[in-house]
Amino acid sequence: MDARLNLLGSPIAAKALKHIISANKVVVDSTLPAATQELVKIRASQINGCGFCTDMHTKDAAHAGETSTRLNLVAAWREAKVFTDAERAALDLTEQGTRIADAAGGVTDEAWANAAKHYDEDQLAALVSLIAVINAFNRVNVIVRHPAGDYRPGQFG
C-alpha cells in the first residue's frame, strides 16, 4: 500500500506539517508527563483509525520504557487497573475531545473538572493542545492513507 500523497515531497504539505510539528514541540517541552502524552496520542489515533500514528506512538512509548501491558490496554483504559487517576482523566478528555461531533456540547464539565483536579493550568493547556495536534496529524494521515508498520522510534528526530 502506498500513500495517496507524499506529504514530505509536497512543498505545501511539508510547510503545513512544519507548523503542526512546531505546535507539538511546545507540548513535548511542557510539564505534561511524557507517558501521558504518549497515551493521549495512542488513544486519539486508535479512535481515528490512524494506523500510522498508532504504530508510531506505541513504538515510541515502548522505546521510552512503557510496558506492553499498559500499551495493550489503552483502548480499554476504563476497565484496566494499570492507569493512574490523572492518566484516566487525560484519556477521558482525549476521547471526548476527539469525538466532539458525537455529543452535543462537546467535552463535558465533569471531564474537564476531573482533568483540572490532576493537572495545573499549563498542563491543561498542553493537554488540550496535544489533543488538537494529534487529531490534526491523524486526519492528515488517514486522508492520504499513510501506511503503518515501518516506523522506527526516533525516525523523525
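Caption draft 1: Summary view of the packing of aromatic side chains. Under the criterion given, the structure shown has three aromatic pairs. By the ring-pair criterion, three or more aromatic residues cluster together here, those being Phe-52, Tyr-151 and Phe-156.

Caption draft 2: Seen up close, the packing of helix 5 (residues 85–98) against helix 7 (residues 121–144). Axis separation between helix 5 and helix 7 bottoms out at 10 Å; the angle between their running directions is 50 degrees. It follows from the interaxial angle that helix 5 and helix 7 lie oblique. Of the two elements, helix 5 crosses helix 7, and the hand of that crossing is right-handed. Mapping the contact onto sequence places Ala-90, Leu-93, Thr-94, Gly-97 and Thr-98 in helix 5 and Leu-127, Ile-131, Asn-135 and Arg-139 in helix 7. Tallied by class, the residues present in the contact of helix 5 with helix 7 amount to four nonpolar, four polar and one charged.

Caption draft 3: Looking closely at helix 2 (residues 34–47). Taking 1.5 Å of rise per residue, 14 residues should cover 20 Å, and helix 2 covers 20 Å from first to last C-alpha, within 8% of that figure. Buried within helix 2 are the following residues: Thr-36, Gln-37, Glu-38, Leu-39, Val-40, Lys-41, Ile-42, Arg-43, Ala-44 and Ser-45. Along its buried surface, helix 2 packs onto helix 1 (11–28), helix 3 (51–63), helix 4 (68–72), helix 5 and helix 7.

Caption draft 4: The layout of surface pockets, seen in detail. The volume enclosed by the largest pocket comes to roughly 1,100 Å³. Sorting the residues of the lining of the largest pocket by element identifies helix 1, helix 2, helix 3 and helix 7 as the ones contributing at least two each. Ranked by residues supplied to the lining of the largest pocket, first place goes to helix 3 with seven residues. Taken together, the residues of the lining of the largest pocket break down into 22 nonpolar, 11 polar and five charged.

What counts and what doesn't
- Residues numbered from 1 in each chain as written.
- Predicted model: local features only at pLDDT ≥ 70, side-chain atom pairs only at ≥ 80, totals over all residues.
- Heavy atoms only, no water.
- Phe/Tyr/Trp six-rings, centres within 6.5 Å; stacked < 30°, edge-to-face > 60°.
- Axes fitted to C-alpha atoms, helices over the stretch in contact; angles between N-to-C directions.
- Helix = DSSP H or I, 4+ residues; strand = E, 2+ residues; numbered from the N terminus.
- Parallel < 35°, antiparallel > 145°, perpendicular 65-115°, else oblique.
- Left-handed = near helix turned anticlockwise from the far one by under 90°.
- Contact = heavy atoms within 4.5 Å.
- Nonpolar A, V, L, I, M, F, W, Y, C, P; charged D, E, K, R; others polar.
- Expected span 1.5 Å × (residues − 1).
- Buried < 20%, exposed > 50% of the residue type's maximum accessible area, 1.4 Å probe, protein only.
- 1 Å grid on protein atoms, 1.4 Å probe; cavity = no way out; pocket = protein on both sides within 12 Å on 5 of 7 lines; lining within 4 Å.
- Points joined across faces, edges and corners; volume = space filled by probe spheres on them.

Geometric descriptors of this kind do not, in isolation, establish any biological role.
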